[in-house]
Amino acid sequence: MAKLVYGLNQSLDGYVDHLAFKPSLALFRHFIEQVRGLTGIVYGRRMYEIMRYWDEDQADWEAHEHDFAAAWRSKPKWVVSRSWKSASVTPGRSATLGPNATLVEDDIEAAINRLKAELVGEIDVAGTELAGSLTNLGLIDEYRLYLHPVVLGRGKPFFTGPRPPLRLVASDRITEDVIRLTYVPA
């Protein structure tokens, strides 16, 4: 049975912003290894559109960026969206899914339960609103908060709804200034 894990970079005041947390090389390497070990990734539509950046190599990428892209491309992805139809077009972007991606349009709870029952390993959850929905359904098995020593004062919160009762199971220093806190539902 697969485990559903929600983890993101977060400011000390609880916000996530992919533009505010440019990872150090050490943290980037940590995420490369994490992605290599995943069984797959469940995305909300907006986060998936951001991550599509990794679908095509860029001329100015360094070796670690190529490594991340290769790991990311190799993983199955499930994109959850009630409004995005596979034949629709988002302004400025094609709505076609990239390689290894499947659109999940209906009955998210049943689809996630099926993935968890049929697969083994870790399935990552990416997207704050999706994670909030999956939290409300009781489907997330683990939360990983990568705390950065910054205060943003604004943005999307890591938890989009009421905070679930959690129990701390691990704290790890990932880099010189980033700590990962791992929680499970209490």
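So, here's what we can say about the structure. (Residues numbered from 1 in each chain as written. Predicted model: local features only at pLDDT ≥ 70, side-chain atom pairs only at ≥ 80, totals over all residues. Heavy atoms only, no water.)

1. Some words on the overall build of the protein chain
Of regular secondary structure, the protein chain possesses five helices and ten strands. Taking 16 Å as the expected radius of gyration for a compact globule of 186 residues, we find that the protein chain reaches 16 Å, a close match to that expectation. Reported as C-alpha extents along the three principal axes, the dimensions of the protein chain are approximately 45 × 40 × 35 Å. Here the protein chain holds 186 residues, and 46% of them are scored as buried. Counted over contacts in the protein chain with a minimum sequence separation of 6, partners at least 24 positions apart contribute 72%. Across the protein chain, 22 positive and 24 negative side-chain charges occur, with their mean positions spaced 3 Å apart. (Helix = DSSP H or I, 4+ residues; strand = E, 2+ residues; numbered from the N terminus. Rg over C-alpha atoms; globule rule 2.2 N^0.38 Å. Buried < 20%, exposed > 50% of the residue type's maximum accessible area, 1.4 Å probe, protein only. Contact = heavy atoms within 4.5 Å. Lys, Arg positive; Asp, Glu negative; His and termini not counted. Charge placed at Lys NZ, Arg CZ, Asp CG, Glu CD.)

2. Things to note about the packing of aromatic side chains
By the definition in use, this model includes 13 aromatic pairs. An aromatic cluster is present here, built from Phe28, Tyr53, Trp54, Trp61 and Phe68 joined pairwise through their rings. Looking at Lys77, its charged tip hangs above the ring of Trp72, at a distance of 4.3 Å from the centre. (Phe/Tyr/Trp six-rings, centres within 6.5 Å; stacked < 30°, edge-to-face > 60°. Lys NZ or Arg CZ within 6 Å of the ring centre and 35° of its normal.)

3. Topic: helix α5 (residues 128-136)
Residues of α5 that are buried include every one of Thr128, Leu130, Ala131, Gly132, Leu134 and Thr135, and no others. Of the residues flanking the end of α5, it is Gly138, one or two places downstream, whose phi is positive at about 75 degrees.

4. Focus on the sheet that holds strand β6 (residues 121-126)
Across the sheet, eight strands lie side by side as β5-β4-β3-β6-β1-β7-β10-β9; this open sheet has mixed pairing. Among the strands making up the open sheet, the edge pair consists of β5 (101-104) and β9 (166-173). Neighbour-to-neighbour, the strand axes of this sheet turn through a mean angle of 25 degrees, independent of strand direction. (Pairing = 2+ DSSP bridges. Axes fitted to C-alpha atoms, helices over the stretch in contact; angles between N-to-C directions.)

5. Topic: the nonpolar core
Side chains that are nonpolar tend, in soluble globular proteins, to be buried together. One finds Leu4, Tyr6, Val42, Ile112, Leu134 and Phe158 to be the most contacted residues of the largest nonpolar core, which totals 24 residues. Listed by contribution, the elements that provide at least two residues to this core are β1 (2-10), β4 (77-80), α4 (108-118), β6, α5 and β7 (142-147). Look past the residues within four positions of Ile112 in its chain and what remains in contact with it is Leu4, Val42, Leu134 and Leu139. Listed in part, the 20 residues of the second largest apolar core include Phe28, Ile41, Tyr48 and Ala101. (Core = buried A, V, L, I, M, F, W, Y, C linked by side-chain atoms within 4.5 Å.)

6. A look at the environment of His148
As for its placement among the helices and strands, His148 is situated in the loop between β7 and β8 (156-157). Through-space distance from the C-alpha of His148 to that of Glu129 is 21 Å; in sequence the pair is 19 residues apart. Beyond its immediate sequence surroundings of up to four residues, His148 is in contact with Asn9, Gln10, Ser11, Leu12, Phe21, Leu27, Asp177 and Val178.

7. Considering the side chain of Gln34
Structurally, Gln34 can be placed in helix α1 (residues 25-36). Of the residues examined, Gln34 reaches a relative accessible area of 19% and is grouped as buried. Setting aside residues no more than four positions away along its own chain, Gln34 makes contact with Asp124 and Arg144.

8. Some remarks on α1
Between its terminal C-alpha atoms α1 stretches 17 Å, which fits the 16 Å expected from twelve residues at 1.5 Å a residue. The complete set of buried residues in α1 reads Leu27, Phe28, Phe31, Ile32, Gln34 and Val35. One face of α1 carries all of its buried residues, which in axial projection span an arc of 165 degrees. Residues of α1 that are buried in the fold lie against β1, α3 (63-74), β6 and β7. (Expected span 1.5 Å × (residues − 1). Arc of directions from axis to C-beta.)

9. Quick notes on the packing of α1 against α3
At a minimum axis distance of 9 Å, the contact between α1 and α3 shows a crossing angle of 20 degrees. With respect to their mutual orientation, α1 and α3 come out roughly parallel. Along this stretch, α1 crosses α3, giving a crossing that reads as left-handed. Touching Leu25, Phe28, Phe31, Ile32, Val35 and Arg36 of α1 are His64, Glu65, Asp67, Phe68, Ala71 and Trp72, all from α3. When the residues that make up the contact of α1 with α3 are grouped by side-chain class, the tally is eight nonpolar, one polar and three charged. (Parallel < 35°, antiparallel > 145°, perpendicular 65-115°, else oblique. Left-handed = near helix turned anticlockwise from the far one by under 90°. Nonpolar A, V, L, I, M, F, W, Y, C, P; charged D, E, K, R; others polar.)

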